[in-house]
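Chain residues, written in single-letter form:
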Amino acid sequence: MSSRDRPPVESAAVDPAGVGLGIEADRDSGAGAASTPQADGPRRRGDRRTGAGTERGFVAVEWIAAMVFLLIPVVLIGAGASRWPERQQVARASASEGARAAVLADTYPEAVAEANRVASQVATNYGVPADQFTVRVDATDWDWGEEVTVTVTMSMPALDVPGAGSWAPTDWTTSSTQRIEDYRGLGD
């Protein structure tokens, strides 16, 4: 069939999928003009025809509700959970510094006092209240080559929501062991 034998093409534009775009040629000017979609025509993206009624929503109320009930609690719980690693690091640093201070003391009572002082100072520097940790010093015998262990128990809230409080606190314990140097003088 040659191009002369074909029926004339209508002036409506056609997309590659073969669905009409609803654009018909303006017979007077030859320019395309958008037509009003017909009720029986195919639906297209952006077509505002709906069934019996229109669906409308109020985005501002939905957005505020999502922020209040979903996003803000998740952020607050995440901020509370981020305190665990910080408290663990404070306990480790306190135990390590306390053990080092203990082995440098001349007597066992001095070692206990010095370990408590240094471990408390480290925890206070990190902003941990004094009632939220304990320090224990263990040494079997205060002599050269013996080991001194400092144990720090830190109170850690299981759920800590900033501005709202803490619930279900638990304890986390860590220790550090140092050896009393072999070639140093010890007091009696």
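One can find the structure itself at the top, above this paragraph.
Reading guide: rules and limits
The numbers attached to residues start from 1 for each chain and follow its sequence in the written order. Local features in this predicted model are restricted to residues whose pLDDT is 70 or higher, and side-chain atom pairs enter the listing and the counts only when it is 80 or higher, whereas totals over whole chains, interfaces and linings include all residues. Side-chain metrics rest on all non-hydrogen atoms present in the structure, leaving aside hydrogens and water. Think of it this way: any DSSP run of H or I at least four residues long counts as a helix, any run of E at least two long counts as a strand, and we number them from the N terminus. Three exposure classes are used, based on accessible area relative to the maximum for each residue type with a 1.4 Å probe and protein chains only: buried under 20%, partly exposed in between, and exposed over 50%. In this description, accessible areas are obtained by the Shrake-Rupley approach with a 1.4 Å probe, and a residue is regarded as covered only by the protein chains that are shown. Note on aromatic contacts: the rings of Phe and Tyr and the six-membered ring of Trp form a pair at centre separations within 6.5 Å, being stacked when their planes are under 30 degrees apart, edge-to-face when over 60 apart, and tilted otherwise. Patch members must show over 30% relative accessible area and no salt bridge, and they are joined within 9 Å when carrying like charges or within 5 Å when they are nonpolar side chains of Val, Leu, Ile, Met, Phe, Trp or Tyr. The working definition used for a salt bridge is a side-chain nitrogen of Lys or Arg within 4 Å of a carboxyl oxygen of Asp or Glu. Working definition of a nonpolar core: buried Ala, Val, Leu, Ile, Met, Phe, Trp, Tyr and Cys residues. They are joined through side-chain atoms within 4.5 Å. The contact rule is simple, with two residues in contact once any of their heavy atoms fall within 4.5 Å. Note on method: axes are straight lines fitted to C-alpha atoms, helices fitted across the in-contact stretch only, with angles between N-to-C directions ranging 0 to 180 degrees. For classification purposes, angles smaller than 35 degrees are called roughly parallel, those larger than 145 roughly antiparallel, those between 65 and 115 roughly perpendicular, and all remaining angles oblique. Crossings are sorted by hand: turned counterclockwise from the far helix by less than a right angle, the near helix makes the crossing left-handed, and turned clockwise it makes it right-handed. The span you would expect from a helix comes to 1.5 Å times its residue count less one. What the arc measures is the spread of directions leading from the helix axis to the C-beta atoms.

Student: Break down the overall build of the protein chain for me, citing the residues and quoting the values.
Tutor: Broken down by element type, the protein chain carries 3 helices and 5 strands. Overall, the protein chain shows an N-to-C arrangement of helices and strands of β-β-α-α-α-β-β-β. Taking all 188 residues of the protein chain together, 23% fall into the buried category. Of the roughly 13300 Å² of accessible surface on the protein chain, 54% is carried by carbon and sulfur atoms.

Student: Just give me the short version of the packing of aromatic side chains, but keep the residues and values in it.
Tutor: Summed over the entire model, instances satisfying the criterion amount to 1 aromatic pair. On the basis of an interplanar angle of 65 degrees and a centroid distance of 6.0 Å, the ring pair of Y108 and W142 is categorised as edge-to-face. In this pair, Y108 sits in helix α3 (residues 108–125) while W142 sits in the loop between β3 (133–139) and β4 (147–161), placing the two residues 34 residues apart along the sequence. You can call Y108 partly exposed: its relative accessible area is 32%.

Student: Can you explain a nonpolar patch on the surface? Please cite residues and give values.
Tutor: Residues V59, W63, I64, V68, F69, L70, L71, I72, V75 and L76 make up a contiguous nonpolar surface patch of roughly 1000 Å² in combined accessible area. Positionally, V75 belongs in helix α1 (residues 59–81).

Student: Give a description of the nonpolar core that names residues and reports values.
Tutor: Counting 22 residues, the largest nonpolar core has V148, V150, V152 and M154 as the members making the most contacts within it. Among the elements of the structure, α2 (83–103), α3, β3 and β4 are those that each provide at least two residues to this core. Beyond its immediate sequence surroundings of up to four residues, M154 is in contact with R87, V90, A91, V128, Q132, F133, T170, D171 and W172.

Student: Please give an account of the packing of α2 against α3 that cites residues and values.
Tutor: When two helices pack together, their arrangement is captured by the angle between the axes and the distance separating the axes. At a closest axis distance of 8 Å, the pairing of α2 and α3 adopts a crossing angle of 150 degrees. The angle between the axes of α2 and α3 places the two elements in the roughly antiparallel class. Both α2 and α3 take part in a crossing whose hand is right-handed. On α3, the residues touching V90, A93, S94, E97, G98, A101 and A102 of α2 are A111, E114, A115, V118, A119, V122 and A123.

Student: So what's going on with α3? Which residues, and what values?
Tutor: With 18 residues, α3 extends 26 Å between its outermost C-alpha atoms, agreeing within 8% with the 26 Å of an ideal straight helix rising 1.5 Å per residue. Among the residues of α3, A111, A115, V118, A119, V122 and A123 are the ones counted as buried. In an axial view of α3, the angular spread of the buried residues amounts to 130 degrees, which keeps them on one side of the axis. Opposite the packed face of α3, turned more than 90 degrees from it, sit the exposed residues P109 and N125. G127 lies just past α3 and shows a positive phi near 85 degrees.

Student: Just give me the short version of the environment of E114, but keep the residues and values in it.
Tutor: Of note, E114 is situated in helix α3. For E114, a relative accessible area of 27% translates into the label partly exposed.

Student: Please give an account of the pattern of salt bridges that cites residues and values.
Tutor: Overall, the coordinates contain 4 salt bridges when judged by the stated rule. Measuring nitrogen to oxygen at the nearest pair gives 2.6 Å for the salt bridge that ties R117 to E114. Of the two residues, R117 and E114 are both situated in helix α3; the distance of 3 residues between them amounts to about one turn of the helix. A salt bridge links D138 to R136, with the nearest nitrogen and oxygen atoms 3.2 Å apart. Overall, D138 belongs to the partly exposed group, its relative accessible area being 34%. Overall, R136 belongs to the partly exposed group, its relative accessible area being 46%.

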